[in-house]
Amino acid sequence: MSVSIDHELMVLDLIRWIDSLDGPIAVGELLAECSMYRKVGYPPLLCGYRPDVLVSSPKGTCYLAAEAKTSADLEAERTKKQISGFVDWLVEREKGFIVIGVPWDSVPSAKSLLRNILQHEGGNYTDRTLEAAL
């Protein structure tokens, strides 16, 4: 699958945003699927899909999966399956976070997508959405 320059730039913005975070996820290892970011390596497949960014805490007890999406991506069936797979993987961890980086005008659609996935999955989720300005 070819990746657009806009998507690559969004992934870089996500990485910068993650690097600026204080709090629950001290970055131990950051893996990114981004040709503009050359560090450790690519994230592994999570339930059949590779996130743009996967961060683990130094002790491996907390994980953050991040995905950059354009407005058009949010409507794709593949996106729903992908985000659902990431959620499935994260709930098996001691602590997990998911971040969907989108353009500002797509924030309501991204929130709706994530809320629908979390409701469909059932389970015990905190309804808190992390937003990044991309």
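For the structure itself, consult the block above.
The following paragraphs examine the structure supplied in this document. (Residues numbered from 1 in each chain as written. Predicted model: local features only at pLDDT ≥ 70, side-chain atom pairs only at ≥ 80, totals over all residues. Heavy atoms only, no water.)

1. Overview of the overall build of the protein chain
We apply this condition: Numbering of helices and strands runs from the N terminus, with a helix taken as a DSSP run of H or I at least four residues long and a strand as a DSSP run of E at least two residues long. When accessible area is computed with a 1.4 Å probe and restricted to protein chains, residues below 20% of their type maximum are described as buried, those above 50% as exposed, and intermediate ones as partly exposed. Note on contacts: a residue pair is in contact if any heavy atoms of the two residues lie within 4.5 Å. The Shrake-Rupley method, run with a 1.4 Å probe sphere, supplies the accessible areas, and residue values consider only the shown protein chains as cover.
Scanning the protein chain from N- to C-terminus turns up 3 helices and 4 strands. Secondary structure elements of the protein chain occur, N-terminal to C-terminal, as α-β-β-β-α-β-α. The proportion of buried residues among the 134 residues of the protein chain is 42%. For the protein chain, the share of sequence-separated contacts (at least 6 apart) that also reach a separation of at least 24 residues comes to 61%. Surface accessibility of the protein chain: about 7,400 Å² in total, with carbon and sulfur atoms responsible for 49%.

2. Focus on the sheet that holds strand β3 (residues 62-68)
Under the convention used in this document: Pairing between strands requires that DSSP locate at least two bridges from one strand to the other. Every axis corresponds to a line fitted to the C-alpha atoms, with the helix fit spanning only the stretch in contact, and the corresponding angles, defined between N-to-C directions, vary from 0 to 180 degrees.
Reading across the sheet, the 4 strands line up as β1-β2-β3-β4 and stay open at both edges, with mixed pairing between neighbours. With partners counted over all chains shown, the strands left at the sheet margins are β1 (29-32) and β4 (95-101), one partner each. Here the average twist between neighbouring strands, direction ignored, is 15°. Contacts from helix α1 (residues 5-19) reach β1, β2 (53-56), β3 and β4, with the element oriented near 150° to β3. Helix α2 (residues 77-91) contacts β2, β3 and β4 of the sheet and is inclined by roughly 160° relative to β4.

3. Side note on the nonpolar core
Put simply, the rule is: Within this scheme, the nonpolar core is defined by two criteria: the residues are buried Ala, Val, Leu, Ile, Met, Phe, Trp, Tyr or Cys, and they are joined through side-chain atoms within 4.5 Å.
With 20 residues, the main nonpolar core has I83, V87, I98 and L114 as its most contacted residues. Put simply, the parts of the chain that give this core at least two residues each are β3, α2, β4 and α3 (107-121). At 6 residues, α3 tops the list of elements feeding residues into this core. What L114 contacts, discounting residues up to four positions off in sequence, is I83, V87, I98 and I100.

4. Here's the deal with the environment of G60
By the element assignment, G60 lies in the loop between β2 and β3. Along the backbone, G60 and E29 are 31 residues apart, and their C-alpha atoms lie at a distance of 9.0 Å.

5. As for the pattern of salt bridges
Test applied: A carboxyl oxygen of Asp or Glu within 4 Å of a side-chain nitrogen of Lys or Arg is what we treat as a salt bridge.
Scanning the model with the defined rule gives 5 salt bridges in all. A salt bridge links E67 to K69, with the nearest nitrogen and oxygen atoms 3.4 Å apart. Since its relative accessible area comes to 3%, E67 is described here as buried. A salt bridge links E92 to R93; the nearest nitrogen and oxygen atoms lie 3.7 Å apart.

6. Quick word on α1
Our working definition: Given the number of residues in a helix, its expected span is that number minus one, multiplied by 1.5 Å.
The end-to-end C-alpha distance of α1 is 21 Å, a good match for the 21 Å that 15 residues give at a rise of 1.5 Å each. Within α1 the residues assigned to the buried category are H7, E8, M10, V11, L12, L14, I15 and I18. Lining the buried residues of α1 we find β1, β2, β3 and β4.

7. Points about unusual backbone geometry
In this model, C47 sits at a positive phi of 55°, which is unusual for a non-glycine residue. Structurally, C47 can be placed in the loop between β1 and β2.

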